[in-house]
Amino acid sequence: MARAPHPLRQTRRRTLLALTATTALSAGLLTATTATGNAATTHRSAGTSHAATAGSGQLPSTADAGAVTLPGGHHGRSVPSAIRTVSEGWSIPWGLDWLPDGSALITERETFKLFRLTQAGKRVEIGTVPNVVTTNGEGGLLGLAVSPNWKRDHHIFLMHSAEGDNRIVRMTYDGTTLGEYTPLVTGIKKYNYHNGGRLQFGPDGYLYATTGDAFQAALAQDKTSLNGKILRMTTEGKPAPGNPYGSLVYSIGHRNPQGLTWDTQGRLWEAEFGNNAFDELNLIKPGKNYGWPTCEGQCSTPGMTNPERQWKTNEASPSGLTYADGAVYLAAQRGQRLWRVPITRTGTGTPEAYYTGDYGRLRTVEKVPGAKALWLTTTNADLGGGQPAGSDKVLRVDLR
């Protein structure tokens, strides 16, 4: 549970930040701004704007200057060092997961299509997922997870909006053909908005899913409802052993969670859209209650688990989340930035923002297997971005 910082520590942190920023500014190396909610830093490098820096493939962070380490610093861990376009011409790419050869499967929310994209940027359309409908908002073809045993079973898992519900399904993809549509979990309430939708396999081999409250906030506190939850299940869609309520439900009190990842200690982290006040980064434990709709951000209500970090909604609105080399990365939509949050044995370090405003709304971020790099997708062709179909990109962020 997050705790308010000790006043003396807070004063020291502000003093160090001011001294560091003053030194960097006098050298022409950094523009730093603190964001409210929790301490945060926005990076700009070598006196240039992020747009110019990103376009030249240079480092949009203090590491490029080599002279500044901000509070909660990197402790030898990597930070974003360069960014480039892998592929463009996308329309709301949403789910992303990796095949054993290092290529990725990617869903498009509104076209209901599944694609394969190589590291070199070659895109192949695999097929259209059946029974998907749009909600004219945030529903459609959402999360994607490749079976950990894909070479043997060729299974992939998808979450999507259907005619009467949101559902989790299993299909087969043998490297060429998409088929064998099998519903696993049905009856998750849907709405235009707040559909959740992220799928990820955990280190325990079970499938995890995020569900939104479907604009019915009370469902998040209803342990018998599948909405406003994190779910944990077998590959047959059954409750995983050890689930706290003997059902699919793993944690409760979520509004619209869309990011899941695990750190090297095996801890589960979750990114969640708030309402009007605060977005959240949560450390998830089985059976815990994360507050919605009683709490948004930190609160003192007994029985509620506070977020590890929170942001004003115009600074974040996080969707994707991934862990890489000592930090979690949150892809922010309304905030139009990539947040890096250092992870420690006991909590989190100071969040840092990259690429603010450079690429528009950011949807999904995933660590590239076997490389110190991330793939990051934009979502500018959605209602919030207002750009035409085909406006989105898949980007590669190198870490060093």
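Keep in mind that what you see is a predicted model, and the values were worked out from it rather than measured. (Residues numbered from 1 in each chain as written. Predicted model: local features only at pLDDT ≥ 70, side-chain atom pairs only at ≥ 80, totals over all residues. Heavy atoms only, no water.)

1. Section: the packing of aromatic side chains
Then, number 1: Taken as a whole, this structure holds ten aromatic pairs when the rule is applied.
Then, number 2: Summarising the aromatic geometry, the rings of Tyr-355 and Tyr-359 are spaced 6.1 Å apart at their centres and angled 75° between planes, so their arrangement reads as edge-to-face.
Then, number 3: Site record: aromatic cluster; members linked through ring pairs are Tyr-208, Tyr-250 and Trp-262.
Then, number 4: Stacked on the ring of Trp-90, the Lys or Arg Arg-123 has its end atom at 4.5 Å from the ring centre.
Then, number 5: A cation sits over an aromatic face here: Arg-123 above Phe-115, 5.5 Å from the ring centre. (Phe/Tyr/Trp six-rings, centres within 6.5 Å; stacked < 30°, edge-to-face > 60°. Lys NZ or Arg CZ within 6 Å of the ring centre and 35° of its normal.)

2. A closer look at the nonpolar core
Then, number 1: Membership of the largest hydrophobic core comes to 18 residues, with the highest contact counts inside it found for Leu-105, Val-129, Ile-156, Leu-158, Tyr-173 and Leu-178.
Then, number 2: For this core, the secondary-structure elements that each account for two or more residues are strand S7 (141-146), strand S8 (155-161), strand S9 (166-173) and strand S10 (178-188).
Then, number 3: Those residues in contact with Tyr-173, other than ones at most four positions away along the chain, are Leu-99, Leu-105, Arg-116, Ile-126, Trp-150, His-154, Ile-156 and Leu-178. (Core = buried A, V, L, I, M, F, W, Y, C linked by side-chain atoms within 4.5 Å. Buried < 20%, exposed > 50% of the residue type's maximum accessible area, 1.4 Å probe, protein only. Helix = DSSP H or I, 4+ residues; strand = E, 2+ residues; numbered from the N terminus. Contact = heavy atoms within 4.5 Å.)

3. Looking at the side chain of Arg-167
Then, number 1: Relative to the helices and strands, Arg-167 is located in strand S9.
Then, number 2: Of the polar contacts made by the side chain of Arg-167, one reaches the side chain of Asp-165; its length is 3.2 Å. (Polar contact = N/O pair within 3.5 Å; in protein donor to acceptor, adjacent residues only side chain to side chain.)

4. Concerning the pairing of strand S19 (residues 318-324)
Then, number 1: The buried count for S19 comes to seven of seven residues, which makes it a mostly enclosed element.
Then, number 2: Here five bridges tie S19 to strand S20 (residues 327-332), and the two strands are oriented antiparallel to one another. If you follow Thr-322 over to S20, its bridge partner there is Tyr-329.
Then, number 3: Between the end of S19 and the start of S20, which pair antiparallel, lie two residues, with Asp-325 showing a positive phi angle near 50°. (Pairing = 2+ DSSP bridges.)

5. A few points about the environment of Gly-228
Then, number 1: Residue placement: Gly-228 occurs in the loop between strand S12 (207-210) and strand S13 (230-233).
Then, number 2: Sequence separation between Gly-228 and Asn-256 is 28 residues, and the spatial gap between their C-alpha atoms is 6.7 Å.
Then, number 3: Setting aside residues no more than four positions away along its own chain, Gly-228 makes contact with Thr-211, Gly-212, Asp-213, Ala-220, Ile-252, Gly-253 and His-254.

6. Notes on the sheet that holds strand S6 (residues 123-128)
Strand pairs in the sheet, formed through backbone hydrogen bonds, run parallel or antiparallel to each other.
Then, number 1: The sheet built from four strands is open, its strands ordered S3-S4-S5-S6 with antiparallel pairing. Whereas interior strands pair on both sides, the edge strands pair on one side only; in this sheet they are strand S3 (93-98) and S6. Between one strand and the next, the sheet's axes are offset by a mean angle of 25°, whatever the strand orientation.
Then, number 2: The pairing of strand S4 (residues 104-108) with strand S5 (residues 113-117) spans four bridges and is antiparallel. Paired with Leu-105 across the strands is Arg-116, a residue of S5. (Axes fitted to C-alpha atoms, helices over the stretch in contact; angles between N-to-C directions.)

7. Some remarks on the sheet that holds S12
Then, number 1: The strand order across the open sheet built from four strands is S11-S12-S13-S14, with neighbouring strands paired in antiparallel fashion. Each having just a single partner strand, strand S11 (199-201) and strand S14 (249-251) make up the two edges of the open sheet. Strand after strand, the sheet turns through a mean of 30° between neighbouring axes, direction not considered.
Then, number 2: Note that S13 and S14 share two bridges and pair antiparallel. If you follow Ile-230 over to S14, its bridge partner there is Ser-251.

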